[in-house]
Each structure stands twice: as C-alpha cells, then as structure tokens.
Amino acid sequence: MTTVRRTFLKNTAAAAVAAALPSLNFAQTPTARGHFAPQSGAWRTFDVTTRVDIVKPEGVTKVWLPIPSVNSDYQHSLGNSFSSNGTTLLTQDGQDGAKMLYVEFAATEKQPYVELTSRVQTQGRAMDWSQKNAPAESADTLRYFTRATTMIPTDGIVRKTALAAVGNAKTDVEKTQKIYDWIVANTYREPKVRGCGEGDIKTMLETGNLGGKCADLNALFVGLCRSVGVPARDVYGIRLVPSAFGYKELSGNPASLKGAQHCRSEAYLKGYGWVAMDPADVAKVMRLETTDWIKNTTNPVVAPVNKALFGGWEGNWMAYNTAHDVALPKSTGEKLGFLMYPVGENAAGRFDSYAPDDFKYQITAKEIAA
C-alpha cells in the first residue's frame, strides 16, 4: 500500500528573526546590462521545490535532497515540507551540518517519488568598505576554514601559486584582492565541463588546465586563500530567478532550475567578517554573456560585475551549505566533494546527478508576495 507522509519543520531561530521582518516581494524589472550593483536590504521570500521521480526502479532505491542549511545576514532558511511514498528521514552530514532529506524506497514500490519544498528569505550583499566593525569570529571556526580537504589541499603547488599571486601584500584584504584578481586573470569558464565541475584544484594547477566552472574556479580561490592563512569557504546553492541587472548568465529560470546550481565563496576579513566573493561568475560573464569571449575586465559588460563580486553578490540565489567531503548517511558510495544536487543510488551504484532527465528530477522556485 502506498503511503504519503507530509511534515513541516522550521528553524526556530531563523523563524524568530524572520517574523520581525516583512515578507517582501521585490519583483524587480531588469535594468540594462552593464549596470551591476547588488545591495542589501530588499528581502525576498521563495518556496523552492525539488521533485524526484524514479522512472525505472530496480530494487531498493535511496535518494538524498539538499536542504538549505544557512542562516546568516543574507539568508534565513525558514522551513521544509515534503511528501513521498518512501521512508523519509531529515538528517545531516556529521561534519559540516549540511542538512538533507533522505528517502528510501522499497523494492516493491513501482513509482517512487519525493517532493520537497523549502522556504527561504534572501537578500543581496554589498560590502561597505568604510565600516570595519563586524563582530569577531571564533578562533575554532577560523581554523576550520583554513583546513585542507580532499579536493582543496593547502600545501605544495597550491601554496606556491598563492604566494606568487599575493606577492608583497600584507593585509588579509590585500591578499584576498590579489588572489581574486589572479583567478579572474588566469582561469576561464569552460562550458564543456559537466555540472558545476569537481573542484580538484591540485590537478588543475599541476596540469595547467585552468578552465572550469564555479565549483572549480571558486574552489581554487578558496584553496589559495586558505593556503596563505585567509579563512575562506565555498557556499553551494542554486540561482532562483532572473538577475535584476539584465545579465542572462547570472539568472535562474524559476519554472525550471535544471543546471541553475551555482557555487559562490566567502573570505573572512578582519573587521569585515565573512565577505561575499564570486570570481567564477566574472569568468562566466566574460565567456558567455555576449557572443564574443571577452578577454579583459575593463569591458563595460564585465567591469561592474568584476567590481561588485569582490564583496557582494545578488540575492536571486539560495545557499544550501558550505560542506566539503560529505558522507551521505546510509549510502554505500564514496563521499561527495560537495552537496549541491539531488543524489540517488541503488544496488547498481550512484545515479548521475548531472543528468536530470535520466535521474529524473525537477527544481522550481516561486516567489512569495508580501
């Protein structure tokens, strides 16, 4: 007998914060491309729905869906509801606290499905460099975000590259700016890379193949920062709606978010706190925003993006987590480098998360009006 379960869970602290805020609907009209200046203050509320249907079930099937786990000055992760004809469990990885919905389908289930809806509030970010009064982060947290991971070593060629990039820079802001500039100048968007890339930065540097996508280029930024003592982290998420600034490559289509997953990054700068960074999106605009591959940051299409994404990002995007080396509970497969896509497996192995028409899933977003 098919069963359907539905539950609704809230992050109490986030809900309390959000309750004091208006649920704003800023359905902005896109401006002319060439202006790009995200700002904070305009909170937007979204319901993000992920639906998975196992078209050809073979034996016991397991599915893991990422749940937004970030509560910060740019996002409130408010709650989740879900339905399924499988056995469901809200869980998380044991290291970084990346939350997920785990679903297990019996071998007898003919049409396995799960549908998850997560509600979030997001806003843009823009650093005011004249203000240097952010509360200090704990020493343990800062040490944690300078560690090495499987895909992001901090020694050898990574540290050598970072030292050459920062040169005689002294402050953490100067070091981070030089690394950001190095990423923009030396890496490039490679459309042929599957998904968001793998983030294997040692191989990128050793081979000299510096083309990739967001999980490659921003991971390289994070690794270079960490290797010279600047705490940094990837933030894994998904674009939800079009850019308010007319940039097609910085947009999501809320009716179908296939391929809209996007990794951003943050660096911790003394006095400023965790600061938004996204050199990978600069590379994306340079390569894909126009019919020509733009090769310099002075181009009027690129210049405002290059400037704004050192210290800011647009709030048309939802963060899932900042986790690396993710061990999926109850999985027989290897750890994931990151959790940003639906994941499934059966006795034959893990499904291809980069092929949503084969491992059938759909992600949509709906903005909630005030």
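Residues numbered from 1 in each chain as written. Predicted model: local features only at pLDDT ≥ 70, side-chain atom pairs only at ≥ 80, totals over all residues. Heavy atoms only, no water.

Engineer: Describe the overall build of the protein chain, and please don't skip the residues or the numbers.
Structural biologist: When its secondary structure is counted, the protein chain shows eight helices and 18 strands. For the protein chain, whose C-alpha radius of gyration is 20 Å, the value lies close to the compact-globule estimate of 21 Å for 370 residues. Overall, the C-alpha framework of the protein chain stretches about 65 × 45 × 45 Å when taken along its three principal axes. The proportion of buried residues among the 370 residues of the protein chain is 54%. Counting only contacts in the protein chain whose residues sit at least 6 apart along the sequence, the fraction spanning at least 24 positions is 74%. Accessible area of the protein chain: about 16100 Å², with a carbon and sulfur share of 51%. Side-chain charges in the protein chain split into 41 positive and 36 negative, and the spacing between the mean points of these groups amounts to 1 Å. (Helix = DSSP H or I, 4+ residues; strand = E, 2+ residues; numbered from the N terminus. Rg over C-alpha atoms; globule rule 2.2 N^0.38 Å. Buried < 20%, exposed > 50% of the residue type's maximum accessible area, 1.4 Å probe, protein only. Contact = heavy atoms within 4.5 Å. Areas by Shrake-Rupley, 256 points an atom, 1.4 Å probe, with all protein chains shown as cover. Lys, Arg positive; Asp, Glu negative; His and termini not counted. Charge placed at Lys NZ, Arg CZ, Asp CG, Glu CD.)

Engineer: Which residues make up the sheet that holds strand β11 (residues 232–239), and what values go with them?
Structural biologist: An order of β13-β12-β11-β15 is seen for the four strands of this open sheet, with the pairing classed as antiparallel. The two strands at the open ends of the sheet, each matched to only one other strand, are β13 (273–277) and β15 (317–321). Taken over all neighbouring pairs, the strand axes of this sheet differ in orientation by 40° on average, direction set aside. Bridging between β11 and β15 involves four bridges; their strand directions are antiparallel. (Pairing = 2+ DSSP bridges. Axes fitted to C-alpha atoms, helices over the stretch in contact; angles between N-to-C directions.)

Engineer: So what's going on with the sheet that holds strand β3 (residues 61–66)? Which residues, and what values?
Structural biologist: Spatial strand order, β5-β6-β3-β16-β17: five strands in an open sheet with antiparallel pairing. Two strands close off the open sheet at either side, each with one partner strand: β5 (87–92) and β17 (349–350). Sheet topology note: the strand β16 (residues 343–346)/β17 ladder contains two bridges and is antiparallel. Pairing of Glu345 across the sheet is with Arg350, part of β17.

Engineer: Quick one: what's the story with the packing of aromatic side chains, residue by residue and with numbers?
Structural biologist: If you walk through the whole model with that rule in mind, you get 16 aromatic pairs. Judged by centre distance (5.7 Å) and plane angle (20°), the ring pair of Trp129 and Phe310 falls under stacked. One end of the pair, Trp129, is in the loop between β8 (125–126) and α2 (139–144); the other, Phe310, is in the loop between α8 (303–308) and β14 (312–313), with 181 residues separating them in the sequence. Residue Trp129 is classed as partly exposed on the basis of its relative accessible area, which comes to 31%. Its relative accessible area of 9% is what places Phe310 among the buried residues. (Phe/Tyr/Trp six-rings, centres within 6.5 Å; stacked < 30°, edge-to-face > 60°.)

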